[in-house]
Every structure is written in structure tokens, then in C-alpha cells.
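# Geometric and topological summary
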Amino acid sequence: MRVSTSPLRPILTTTLVLAVGWTLSMIQPAPAGAAASGPPTDAAGTPRGEVFHEDFERAPDTGTPMSIRDYLGHSDLRFDADDFWTDRAACNGFILSASVTGAEPGDCLDAASAMANVRALAGVLGVLNGTGPETNSAVAAYTQTNGPDGAVELETTTPIPLATGTGRFLTASVNVASLNCSAAVPTALQLALRTSDGVEHPVSEQAIDPCTDDRAESFSHGGVSARAGHFAADSSILIDGDSIGVVMRNGRGGGSGNDHAFDDLSIIDVTPTLDVELSQHTAVVGETVRLRFVVRNTPELAAKAGWSVRTVLPGGLAVTADPRVTTSCTAEVTAPGAGADIAFTGDLAAGQESCTIEVDVTPVARGSLTVAVEGDAVRGLDLGSQPALSAVDRVVIESPASGAVVESSRPTSAGTGEPGADIAVRDGEGHTLCETTVDPAGRWSCASTEVVESGEAVVRVEQTAAGLSSTDETTYRVLVPALAVEGTVHLEIQGADGSWVPVEGETVTIDPGDRLRVIATVTNTGENALGDITLAETPDTRLTCSSEFIEPGASTVCTSTEPLVLTPTALDHGSFSHTFEAVLTGYSRASDLAPTGSVTSAVAGRLPLPDAPRVSTGALHTSLGIVWGLAPLQPEAPLARTGAEVPSSAALLISGLLLVGATLVGAGTRQARRDRSRLS
Ligand SMILES: [Ca+2]
Ligand SMILES: [Ca+2]
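Basis of the calculations
Residues numbered from 1 in each chain as written. Chains lettered and ligands numbered in written order. Predicted model: local features only at pLDDT ≥ 70, side-chain atom pairs only at ≥ 80, totals over all residues. Helix = DSSP H or I, 4+ residues; strand = E, 2+ residues; numbered from the N terminus. Buried ≥ 20, exposed ≤ 12 C-beta atoms within 10 Å, placed from the backbone. Contact = placed C-beta atoms within 7 Å. Pairing = 2+ DSSP bridges. Axes fitted to C-alpha atoms, helices over the stretch in contact; angles between N-to-C directions. Core = buried A, V, L, I, M, F, W, Y, C linked by C-beta atoms within 7 Å. Expected span 1.5 Å × (residues − 1). pLDDT = per-residue confidence, 0-100.

### Some points on the overall build of the protein chain
- A count of helices and strands for the protein chain gives 5 helices and 46 strands.
- Taken across its 680 residues, the protein chain has 44% of its residues classed as buried.
- Long-range pairs, those at least 24 residues apart, make up 74% of the contacts in the protein chain with a sequence separation of at least 6.

### Describing the sheet that holds strand β36 (residues 468-478)
- Read from one edge to the other, the open sheet built from 5 strands follows the order β30-β36-β35-β32-β33, with strand pairing classed as mixed. The sheet is open, and its two borders are formed by β30 (405-406) and β33 (432-437), each paired with just one other strand.
- Taken together, the 6 bridges between strand β32 (residues 422-427) and strand β35 (residues 455-465) define a ladder with antiparallel strand orientation. Residue pairing across strands places Val-425 opposite Val-461, the latter belonging to β35.

### A short note on the sheet that holds strand β29 (residues 396-399)
- Taken together, 3 strands build an open sheet; the order of strands is β29-β31-β34 and the sheet is antiparallel. The sheet is open, and its two borders are formed by β29 and β34 (443-447), each paired with just one other strand. Geometrically, the sheet is characterised by an average inter-axis angle of 30 degrees between neighbouring strands, direction not taken into account.
- Judged from the 5 bridges that link them, strand β31 (residues 412-416) and β34 form a sheet pairing that is antiparallel.

### Things to note about the nonpolar core
- Residues Val-118, Leu-121, Val-139, Leu-170, Ala-177, Ala-261 and Ile-267 are the most contacted members of the largest nonpolar core, which totals 110 residues.
- No other element matches helix α2 (residues 112-129), which puts 9 residues into this core.
- Here Ile-267 is in contact with Val-51, Phe-52, Ile-160, Leu-170, Ala-172, Leu-193, Ile-244 and Val-246, once residues within four sequence places are set aside.
- Formed by 13 residues, the second largest nonpolar core is a distinct cluster that contains Val-489, Leu-543, Ile-550 and Leu-566.

### A word on the environment of Arg-460
- With respect to the helices and strands, Arg-460 occurs in strand β35.
- Placed 33 residues apart in sequence, Arg-460 and Asp-427 show a C-alpha to C-alpha distance of 6.0 Å.
- Look past the residues within four positions of Arg-460 in its chain and what remains in contact with it is Arg-426, Thr-471 and Glu-473.

### Remarks on the environment of His-260
- Tracing the backbone through its elements, the reader meets His-260 in strand β15 (residues 259-269).
- For His-260, a count of 33 C-beta atoms within 10 Å corresponds to the buried category.
- Separated by 121 residues in sequence, His-260 and Val-139 place their C-alpha atoms 8.8 Å apart.
- Contact partners of His-260, with chain neighbours within four places excluded, come to Leu-121, Ala-141, Val-176, Ala-177, Ser-178, Thr-187 and Pro-210.

### Quick word on unusual backbone geometry
- Note that the residue after Ser-399, namely Pro-400, is joined by a cis bond; omega there is 0 degrees.
- Here Pro-400 shows up in the loop between β29 and β30.
- You will see that Cys-91, though not glycine, has its phi angle at about 70 degrees, which is positive.
- Tracing the backbone shows Cys-91 in the loop between β3 (79-80) and β4 (92-96).

### Focus on the pairing of strand β8 (residues 168-179)
- Taking burial as the measure, the 12 residues of β8 include 12 buried ones, the bulk of the element.
- By the alternation rule, side chains of β8 split into Arg-168, Leu-170, Ala-172, Val-174, Val-176 and Ser-178 and Phe-169, Thr-171, Ser-173, Asn-175, Ala-177 and Leu-179, which are all buried.
- Pairing of β8 with strand β13 (residues 237-239), which is carried by 3 bridges, proceeds in the antiparallel orientation. By the bridge assignment, Leu-170 is partnered in β13 with Ile-237.
- The sheet contact formed by β8 and β15 spans 9 bridges and is antiparallel. Bridge pairing in β15 places Ala-177 opposite Ala-261.
- Two strands pair when backbone bridges link them, and β8 and strand β12 (residues 224-232) are joined in this way by 6 bridges, in the antiparallel orientation. Looking across to β12, one finds that Ala-177 is bridged to Ala-228.

### Quick look at α2
- In this model α2 runs 26 Å from its N-terminal to its C-terminal C-alpha over 18 residues, within 8% of the 26 Å that 1.5 Å per residue would give.
- Judged by how many residues are buried, α2 sits mostly within the fold: 14 of 18 residues are covered.
- In the stretch just after α2, Gly-130 is the one whose phi turns positive, near 85 degrees.

### Things to note about the environment of Asn-136
- Structurally, Asn-136 can be placed in the loop between α2 and β5 (138-141).
- Under the C-beta neighbour-count criterion, Asn-136 is labelled buried, with 30 such atoms within 10 Å.
- Apart from residues lying up to four places away in sequence, Asn-136 is in contact with Ser-97, Ala-122, Gly-123, Leu-125, Gly-126, Asn-129, Thr-131 and Asp-263.

### Observations concerning the pairing of strand β39 (residues 515-524)
- Of the pairings in the sheet, the one linking β39 to strand β44 (residues 564-565) comprises 2 bridges and is antiparallel in character. Paired with Arg-515 across the bridge in β44 is Val-565.
- Direction of pairing for β39 relative to strand β43 (residues 555-560): antiparallel, over a ladder of 5 bridges. For Val-522, the partnering residue across the bridge sits in β43 and is Thr-556.

### With respect to the confidence of the model for the protein chain
- Model confidence for the protein chain is summarised by a mean pLDDT of 78, while 74% of its residues fall at 70 or above.
- When the criterion is pLDDT under 50, residues 1-47 qualifies, and its contacts beyond four places in sequence or with other chains add up to 100 contacts.
- Low pLDDT, under 50, characterises residues 589-680; the predicted model gives this stretch 192 contacts beyond four residues in sequence or across chains.

This is the structure:
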């Protein structure tokens, strides 16, 4: 057995029964019949808050009053008091109800009024506790003579077994009714608890006097008006023992006044409750969350000194580097920054409803957790609410790395985040570059849908998950590839003899049935290699290129493999066009770029060429086009050699990144019309 108020004493016993919902009603005595059959301590059906309760109803309601030294309480519990407080002549220390009309000679100095007043006080106490004024028994303390100050007015002499476990706060309470409040000597009841080692531990800082206590009210019974109330002591002890006793002293022994009776002496378990709270229930990893430990006092608001907690945060939660510890009561807190250990011990002052201890914590990993304080992590506290926290991953940009040089006009951003979260990638001005969601593995990636210019660039990524925003930002450098091509196109006509004749000069003579092939030369005039050429051609002559990879300064030659047949129908429309679009991809050896290399110098110089195409840096769209303009022919006219002049300047210059449509229009309209007339 021990009584302790020292902080952070190791907890030896892990079993705690939760005491929840202690209310004032719990210390109201049960109806007399039930109370008479119940044991004095914490048995089933007894309110948790009440460890011991004596209602003095085992004394008879007839005959003469019974001395408290002769009284047997529950389980034959016995009582004693200082001689003055058991002196029947002083009208002290005997048990009576309003129905007890007899008296022993000398009781209350044979003062009928004193006996009548004590009976009335027993009735008042019966009104107060709800058992009825006629048969409620109480203990007389009318002080017809003077006694010593501070003597024991009542004490238990039989140990009261404690089944409450270790680390419990206990205090005592009593119902008292007083008369003659204007008299000289006030009542000054002081409650204490006596541990099994015989030590008496006062639990009253302020003595109880119904005449002046705010908790008292006026009652009247039998024509006698009194002040009466239920009074819990204003302090408590923290105890680990297995038995207890209660002692009630009276600070004043004077008999001029000090006229009272008492009833319903109780020992009550007033262990505070620890509620754990979080400032929010969802958080992003790394976000600061306020963790609150709220020690809630029980309703009597007695002082509670020395409760303590020594706990470890669950995995996934850590104290921040600067925990910003605060307390609203006298408390000592240990919460090392960036650790998981939190320990504190503190005191609730009399009248204090709660004490809040706050510490900054942060989730260090995604997932759900409960801030569960175990029963063996607390002393002098019942466990109350324990909060849950759901932590989502914060967004992190892995690519581009900070300071990296990215050779693309449409850079790709990638990183990690909370699975399923929405991702928005923006530039330094807030323009959205791309949007995506985080995949189940926690990864995201998207390429800019906007063209980014060379130079220093900022990418800001915002993740939205569980209603929470998380951002990351990277500054890097963009190197837009220098891609450029020029192209020339010339045409060849295959005559009847099968020979291919270049279309040169100002005009060319075409006969129906002649075949025409396109020979396009695409020259890489940029600073990056080009490759992956794809051609879209209308009409399709199955252009096939000599190479699909073009180093800077080199060319590829694309030739029709299925030449166009110049049918009468084809010529009949008066004009037709042939266009093709070449799409090429730029290449460079981006990995050779110094991570912090100057974009300016890199652009001015010539990028090194790869051994083989490796890095796709964008697409170059070009277009070469030819449109013939021919004299309209009569639909019914036979197709004949017209001798129409077709411009032979078929060389087209294309360059740059834009789609360029070039048109050659035949200039021989007038000539063709003349030829048609001749043929017809
Ligand atoms: Ca009673
Ligand atoms: Ca008196």
C-alpha cells in the first residue's frame, strides 16, 4: 500500500476499470431497504464513484438514541470518536431519527429543545437525501458543552476494503445540517482518509460549514429551519492501497453554536478522466497537428495532485522539433522534440474543471492511427476519448530535380503522393501545365500540355487529397531543343518510254497516263539530330525515305514508290494538289549537359550527337506541298497531250517548327485552254 503524489511513478498494475460518467446522483444514498442489504464497498450495483457509504440506518427508529460507539455498520463496520464527540450529555455522537422520541437521562443535558432540534436536523437530512424526514437516522452533534478544537468527530475503526485498483484518487463527503448560524462558534468539519499504515491524510483544505457554504440550502422540518447540504471535501489523495478509513474532525470544539447533525458519510473515487484530442482528424504527412491531453475533473471539483502520463506516440506520429508545449494547470511536461515519448505530471486545483496539456505532433507516414494511451501509461487517471488520425502522403516532385536542365519544350513532371489524389502541375505564374491523379503505387507523372520557353522555370505541384492541399515546388532550367529542317521537292515524269524526266525549267509536257513521282529531300538544319520520320501524304505515293535518322547538316531523301498516274479523271478537275507532312523527332545527348550548364551557351553551341537516338525531345511538324493548276478540260473530251506548261520551280523551302503549307500554282491557265481548243 502506498499513497503517492510524486510524478511519473512507474505503474505496476495494468488492469484499470474505467470509471465513466461519475455524477452527483451516484453519491445519493440508495433507498433504505437496498442500502441495508448491500455491502459497504464497491460491489456490483454500487455506483463506481462510491467506495464507502454509511447512512446510519442500522440504528433503530424507536427507543433511545444509539451511541455511534455501539453502532455496527455494513459488514459490522465500527466507528469511534473523541470522547467529547461521543458525549451524550453534550448531545453529541448518538444516532437518532425524528421518530426516536425516547432519551436516556442526561442526554443533551436533558434539554428538550436540544433533543428536538437534533431530531429536526435528522429530518432535514432525510429531506436532503430523499429518504424521508421521519425515519432518516443521522448523528447528533449539538455541542451542549465545550470540547477541544480539532478532535475526531467520527472515524471508522474497521478497515474498509478497497477494490478500486491502484492509482485512484479518493476523497470523502458528508451531508450536514446546521442550526443557529448566527452563534459564535461555527462548524468546521475536516475530512481525512486514513491509510492502512495509520496515517491520516487530510482531504479538506477548507473546512465544511453549512452556515456559510455556497452548496448549502435552507430546509425546514418540524418547524425548525436549517442550512443543509451535501459536501464533498475539496481535496483528495492518490492511493494504491487495498484498504482505507475515513476520519472527520471538527476544527472547533466550542459549544456556543456549532449545532449540527450529519449523515451519509462516504468515501468516493474521484479519479479524473484523461481525454486525448487532436486539432484535426486528417492531416498531410509533415503537417503540424495539435495533440491535447485534457484531464477532466470529476463534478465535485476536488483538488487532484500528482496524476501522470508516460506514453509513447503510435508509429506514424512524432513530436515536432519544436513541440510548443503548453499547460493550463500546474504541470511538468517532457516531450523531446522529434521523439515519440510524452510524459507529464500535474495537479488540478480545487474548483478546476480541467487541465489541458498541448504538444505539437506531426504524422510521419501515411495511414490511419489511433492515439491510444494504454492503461499502464497513466496514473491517477481514467482513460476517456482517444482520437484517430488519418494521414495522407504529401506531394513530392522527384522530376525535374531542383536545378536540373530539362531539354524539352514540354517537360514532364513526376513524383510521389497520396494514391488517388488529384494533381495539378503549374508554372511559376500559376498557369496549369498538366493535371493527373496519383496511381495506387503512390506515383504520378504528366507532361506539360503547354510549351515552355528556355530559361529558368518553376514547377509548382498541388495535390488535393481528403480535402487537404499539399504542395511542392522546384526550380529548374528548360532547354528547348533547336530543331529545324529545310526541304526541297522535285518532280519527275515518267514518259511512255519508261524514262524518268525531271520537271525542270518553266514548263513540262504531260500526257494522260504519264506517271509522276515525288522526290523530297529533308535536310536537318537545326542543332539536334532528327529521327522517327513519319509521312502523311495526299494522294499517297508511298513516299519512302533513305533514312529515318538525320544528323544535323544531313539529309534524307524520300521518293514515291507508287507514282501517281495522271489519269484523265485526275486531270479533269483542272487542278489537284499533292501534299505531304513530315513529322520528325529531335534528338540530342541530353545527359551530357551539365546539370547547371548555361542555356545560352548551350544554345549557341552545337549539341553533341548521340551514338543512337535515345531521348525524345519533342515533335517537329513540317509540310511540303504542291498544287497543280491545270486548265479545265471538257468532261467528254478525250485526254490528250496538252503540252500545258507546269511551273518547274518545284523547290520548296521549309523551316521552323510551324506547319508550313507551300503551294505551287500552275501558271498556264491560258495556255492550257488554248491547248484544249486545239485538241478538241
Ligand atoms: Ca441516514
Ligand atoms: Ca452547541
